[in-house]
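Chain by chain, the residues run as shown.
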Number of protein chains: 2
Amino acid sequence: MTILHNALLDGKAVDIIIDGNMIQSIGEPRTTDTSAVDCTGLSIFPGLMNMHSHAPMTLFRGLGDDQPLDVWLHDYIWPAEQQLTDQLVYEGTLKACHEMIASGTTFFNDMYFRLPAIARAVEDSKMHARLGYNIFGDAEELDRSDVVELLMHPSARVEYSIAPHSIYTVSPTGLRRCADMCQRLHLPMHIHMSETQREVDDCIATHGCRPWELLDRLGILDQLGDSIIAAHCLHLSDHEIELIGRHGITCVHCPNSNLKLGSGFRFPMTELADAGARVMLGTDGAASSNNLDMIEVMKISALLQKGWRMDPTSTPAAAILNMATGGRSIAPRQRADLFLAPVKSLSDLVYASHGESVAMTIIDGQTVYRK
Amino acid sequence: MTILHNALLDGKAVDIIIDGNMIQSIGEPRTTDTSAVDCTGLSIFPGLMNMHSHAPMTLFRGLGDDQPLDVWLHDYIWPAEQQLTDQLVYEGTLKACHEMIASGTTFFNDMYFRLPAIARAVEDSKMHARLGYNIFGDAEELDRSDVVELLMHPSARVEYSIAPHSIYTVSPTGLRRCADMCQRLHLPMHIHMSETQREVDDCIATHGCRPWELLDRLGILDQLGDSIIAAHCLHLSDHEIELIGRHGITCVHCPNSNLKLGSGFRFPMTELADAGARVMLGTDGAASSNNLDMIEVMKISALLQKGWRMDPTSTPAAAILNMATGGRSIAPRQRADLFLAPVKSLSDLVYASHGESVAMTIIDGQTVYRK
């Protein structure tokens, strides 16, 4: 049993009693228990969810900055990835987990290779994660029994998804195979969608329709519906927004990566939410976003919406925190995944803080980080 | 004499010897002097220059977030400013100075009221600043002998400028008076220019020309030339960019404020620089930008240029550091205003750090901040 004493919850001082990995109760500050954790001056928030990452890529932080996208991929990132080993992937992921924990993130939704090494780092870090098995081409890996075996055995900390990289690197056959396997194993699909205008143009040239129309035509939207998690979703037609919304898909906005790679900036946040989509936030890998700071992502997301819409009332702080936490709250019977920061208000957290501001992070009721 | 031992300068380990307030020499790390400051693992950079701020407004951080611009001003900021006293302005400025020093900023270019109280806080904080005397209407204050007296007596730490608020709050008569006084006292002019589309539209409706054309018509550009420092400069015609460039004016980009207030985002950084303008960076006041973190401003400036131009090669890290430091360098006979951070590269400073990352700040050769 852990008691968080005198923490600020929505500006009100409370004691929070955690039993095992769950919040048991929240009440007036009164404890005189000397083992209670003194949280005076700290506000408490639900742990942040980084919904699009490539954790091992912390190894490539700063590699090929300021280069054109194709040079960055061909001359920097892909050659570097050829050098990876299980040990490096483990170390890179552990580094990523420590960076995320120290900045208030308690869960991440990843996409990469060498999942057993990544899973080992997640377990060691005590975070929660969903690891996407990255698929290219025709998805032949899904015929391998060891792959299917891996995907069928989540742990208390590590779940899995199937992660076809994109519609331009996975064939229609591969996409269909991924969808069927998702359905068979009851796994989400994690995919990059509509990241660049070129992806859209090439899709129209190759398939005669836009990327989301291709997924629809392949039957994948009806088949998987709201278990699809799509990163980026920058370049969308009205018809695509309607398709995404109708199927309740999760769209993950990664503003730092989109800006830095010059992919675009007009993420249709309001339009997607109004259509029925679930909007969440992510950092992308540290090779493109340079850090894994979800507090920074909250600020840049809110500022960017206000900026390109030229509307200061767009995307207020409470809305952006909802997107960064999946709408979770600090309440009894919720899992005790949370963080504390020395701020007086939500505004100070979103607009005046950074990951470095976080004072304490708790996952499954355990204090995994303390400044 | 201070010795900074084993600091990284452009990735190379050096010893830096500071004599008084100046860098005396830079050489190979060799000191065995036990009084030397061990800078192992820290990179060294010129102190950041925050070229547009309203320091006392740290008192209003978070006030009226997410509100429309006119509501924010009329219902929140202006009533709050009515409550200010010299003591509050002193305290707000001191808070601002401490926040800036702790995030690597060694100089700020301010604009506000109650300058003696602000000057006192600057002296106490040991920063350097140029304080702009804020002018509205017809600039009658400039007839007051106490105002002229103040402006004529800078100190080693505090210089002054005359700061007509904008072309829509200062009359043409007032603007002319400000310009004449700037010329007479050899002071720069600090002004908000072209911040919103509405400012441009109203100027055209009232004066029949755009804001910079108005300053030109009033003779102010020819009169003051490169001693004009203009904040924002978001909404510019080609003709205005040519005017600004030809007169060598300093344009201060404040991306956080511009985004948060919904003023716009297409700051013509390259176009202004190509035309001959000097581009620098600022936070604006903490009421609109919520913090005074110039490292964050560097990142958001670089990302925003890459983003709206859809060009990842735009505004590389070295260019943005130049804008944030006024092109200064760490070299002998330079004033010892600098900061150190635990980063391995400039990329890590610009793209992966925040103000909180700063480990040490030195102003006039004195260590004014140490984490």
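Everything numeric in this text was worked out from a predicted model, so none of it was measured.

Asker: What exactly am I supposed to notice about the overall build of chain A here?
Answerer: What chain A contains, in helices and strands, is 15 helices and 16 strands. Relative to the globule expectation of 21 Å for 371 residues, the C-alpha radius of gyration of chain A, 20 Å, shows essentially globular dimensions. Projected onto its principal axes, the C-alpha positions of chain A cover 70 × 50 × 40 Å. For chain A, the proportion of its 371 residues judged to be buried stands at 61%. Within chain A, contacts between residues separated by at least 24 positions form 71% of all contacts whose residues are at least 6 apart in sequence. Just so you have it, chain A exposes about 13,600 Å², and 50% of that area is on carbon and sulfur atoms.

Asker: Whenever I open this one, the relation of the copies chain B and chain A confuses me. Can you help?
Answerer: Two copies of a chain can be linked by a rotation about an axis combined with a shift along that same axis. Under the fitted operation, chain B is carried onto chain A by 0.0 Å of movement along the axis and a turn of 180 degrees, and the coordinates agree to an RMSD of 0.0 Å. The transformation just described matches what one would write down for a two-fold rotation axis. Every residue of chain B has its C-alpha some distance from the rotation axis, and the shortest such distance is that of Glu356(B), at 3.2 Å. Taken together, the interface assignments show that 100% of the residues at the interface of chain B recur at the interface of chain A, consistent with an identical surface on both copies.

Asker: Help me understand the interface of chain B and chain A, please; the structure alone is not making it clear to me.
Answerer: The extent of an interface is frequently quoted as the accessible surface area lost upon association of the parts. In this complex, chain B contributes 43 residues to the contact, which on the side of chain A involves 44 residues. Taken together, the two surfaces of chain B and chain A that pack against each other cover about 3,200 Å², and 60% of this comes from carbon and sulfur. For chain B, the biggest contributors to the area lost against chain A are Asp66(B), Pro312(B) and His354(B); these three give 18% of the whole. The interface formed by chain B and chain A includes four salt bridges. The tally of links from chain B across to chain A stands at 20 residue pairs in polar contact (both at pLDDT 80 or more). Ranked by the residues each element gives to the side of chain B that touches chain A, the list is headed by helix H13 (residues 294–309) of chain B, at eight residues. Among the residues forming the side of chain B that touches chain A, the class breakdown is 15 nonpolar, 16 polar and twelve charged.

Asker: It is not clear to me how the pattern of salt bridges should be interpreted in this structure. Could you clarify?
Answerer: When the charged atoms of two side chains lie near each other, side chains of opposite charge can form a pair. Summed over the entire model, instances satisfying the criterion amount to 30 salt bridges over all chains. Here Asp66(A) and Lys306(B) are joined by a salt bridge, their closest N and O atoms 2.6 Å apart. With one member in each of two chains, Asp66(A) in the loop between strand S6 (48–53) and helix H1 (69–82) and Lys306(B) in helix H13 form a pair that bridges those chains. Three or more residues joined by partner-sharing salt bridges are found here, namely Arg157(A), Arg335(A), Asp337(A) and Asp364(A).

Procedures and definitions
- Residues numbered from 1 in each chain as written.
- Chains lettered and ligands numbered in written order.
- Predicted model: local features only at pLDDT ≥ 70, side-chain atom pairs only at ≥ 80, totals over all residues.
- Heavy atoms only, no water.
- Helix = DSSP H or I, 4+ residues; strand = E, 2+ residues; numbered from the N terminus.
- Rg over C-alpha atoms; globule rule 2.2 N^0.38 Å.
- Buried < 20%, exposed > 50% of the residue type's maximum accessible area, 1.4 Å probe, protein only.
- Contact = heavy atoms within 4.5 Å.
- Areas by Shrake-Rupley, 256 points an atom, 1.4 Å probe, with all protein chains shown as cover.
- Least-squares fit on C-alpha atoms with pLDDT ≥ 70 in both.
- Buried area = accessible area lost by both parts, 1.4 Å probe.
- Salt bridge = Lys/Arg side-chain N within 4 Å of Asp/Glu carboxyl O.
- Polar contact = N/O pair within 3.5 Å; in protein donor to acceptor, adjacent residues only side chain to side chain.
- Nonpolar A, V, L, I, M, F, W, Y, C, P; charged D, E, K, R; others polar.

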